[in-house]
Amino acid sequence: MGKDSLLFKAAKLYGEILYSEILVTDKNKVNELLQRKINRNPSYFFAVVKSRFGFIDLKLDDLFDNGFFISDYEKEILNDGIIIGIKNGRQNINSSYIGEGGFGIVTKVQLKDGRFVAKKTLKLKGDKYEQVSLKRRFKREVQYQQGYDHPNIVPIIDLDLDGDPPSFTMPLATCNLEKEVSFGKDCSYETKIKAFLNTLDGIDMLHQNGHVHRDIKPQNILRFDCPDDSFCYAISDFGLISPSDRSTTTNITSVGDVMGTPSYMARECYLEGFKCANIQSDIYSLGVLILFLFRERDENLGVPYSERLSSGRFGVIISKCTKNNPEDRYKSIFQLRAAFVDVVGEV
């Protein structure tokens, strides 16, 4: 295969890879994005495509006459190949929007083999230094989540950490805990109990391995329905996870970032920042989650960063979970689970 043909083939593949980034790019900035990709150093383009199937043994001079810049003629080939690759991406991968958070966008994606998965792609923003920080944090999220094999922690199917932006795929959930009603799912008392106990099991696994989640909320608890009509819940979104002992890591959050969810955030995290988050901070969030699941008709989630109250059967547990002083809360998931099960058994 000649150099021009090989470059065109690599550019088509690059275009298919690039399609996922176009999905999270403002429509008015797509042309700017394409020009930026085409005008990059040859070594960057080469690094992206080399790891892909069919290009393992590729050498830089197999594609470009000069390893330091791309000629105008080569840019024309790149442009044509990338555009066709993007069109192939649209045809081969059907994608639809699911939701997004502060750092990532999640889409429902149909792979070439017909399977549907959820794909999380990093949203790049700010200057190049902030983007480096975001990519580092995103990779850390993937590494933590990939390290778990537990039925109540969402697994990672595949990842592309070298992409720009990076992304990974997960099993496609039916919905999250917040949207169960709108999806027509059973929200009975028994279902809520199962949702909370499954969540406890997932968070307990994190704590046993020295991690705290730091963003427990209904949107991050996913429901998975099985063909046999059974279902379970699993923890997702590890974007804010950290070791419970912050002395072993550094805070790579950019100055000015708003992290966490106010309604579920512990008082100490609001006052002192997420560097102080520990097991008791997660337990605070779990207390608010109980209130979300079992609150009385006239109750709301209460005042953020403060103790929550409920007149329902779980009121004592909710109060203890959300005490302003972390030392007054349950010491562990084991204690919280025991108290919760005791109340359930009384009904």
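Residues numbered from 1 in each chain as written. Predicted model: local features only at pLDDT ≥ 70, side-chain atom pairs only at ≥ 80, totals over all residues. Heavy atoms only, no water.

**Describing the overall build of the protein**
Looking only at helices and strands, one finds 10 helices and 10 strands in the protein. Within the protein, buried positions represent 48% of all 347 residues. Carbon and sulfur atoms form 51% of the exposed surface of the protein, whose accessible area is close to 17,500 Å². (Helix = DSSP H or I, 4+ residues; strand = E, 2+ residues; numbered from the N terminus. Buried < 20%, exposed > 50% of the residue type's maximum accessible area, 1.4 Å probe, protein only. Areas by Shrake-Rupley, 256 points an atom, 1.4 Å probe, with all protein chains shown as cover.)

**Observations regarding helix α5 (residues 128-146)**
With 19 residues, α5 should reach 27 Å at 1.5 Å per residue; the first-to-last C-alpha distance of 27 Å fits that figure. For α5, the set of buried residues is Ser133, Leu134, Arg137, Phe138, Arg140, Glu141, Val142, Tyr144 and Gln145. The secondary structure elements touched by the buried residues of α5 are β3 (116-122), β4 (158-160), β5 (167-171), β7 (211-212) and β10 (242-243). Backbone nitrogen of tyrosine 129 and a side-chain oxygen of the N-cap are separated by 3.1 Å at the start of α5; the cap is aspartate 127. (Expected span 1.5 Å × (residues − 1). Contact = heavy atoms within 4.5 Å. Polar contact = N/O pair within 3.5 Å; in protein donor to acceptor, adjacent residues only side chain to side chain.)

**Notes on helix α8 (residues 279-294)**
A rise of 1.5 Å per residue sets the reference length of α8, with its 16 residues, at 22 Å; its end C-alpha atoms lie 23 Å apart and thus fit the reference within 8%. A large share of α8 lies buried, amounting to 14 of its 16 residues.

**A look at the pattern of salt bridges**
Within the structure shown, the criterion is met by 10 salt bridges. The partner of glutamate 141 in a salt bridge is lysine 120, with the nearest N and O atoms 2.9 Å apart. Residue glutamate 141 is located in helix α5, and its partner lysine 120 is located in strand β3; the two are separated by 21 residues in the primary sequence. Here the residues in one salt-bridge network are Lys120, Glu141 and Asp237, joined through shared partners. (Salt bridge = Lys/Arg side-chain N within 4 Å of Asp/Glu carboxyl O.)

**Some points on the sheet that holds strand β8 (residues 221-225)**
In a beta sheet, neighbouring strands are held together by backbone hydrogen bonds and run either parallel or antiparallel to one another. One open sheet holds the three strands; their spatial order is β6-β8-β9, and the pairing between them is antiparallel. Edge positions in the sheet fall to β6 (175-176) and β9 (231-235), since each has one partner strand and no second. In terms of strand pairing, β8 meets β9 through five bridges, oriented antiparallel. What sits directly across from leucine 222, in β9, is alanine 234. Sheet contacts for helix α6 (residues 189-208): β8 and β9; angle to β9, the most-contacted strand, approximately 40 degrees. (Pairing = 2+ DSSP bridges. Axes fitted to C-alpha atoms, helices over the stretch in contact; angles between N-to-C directions.)

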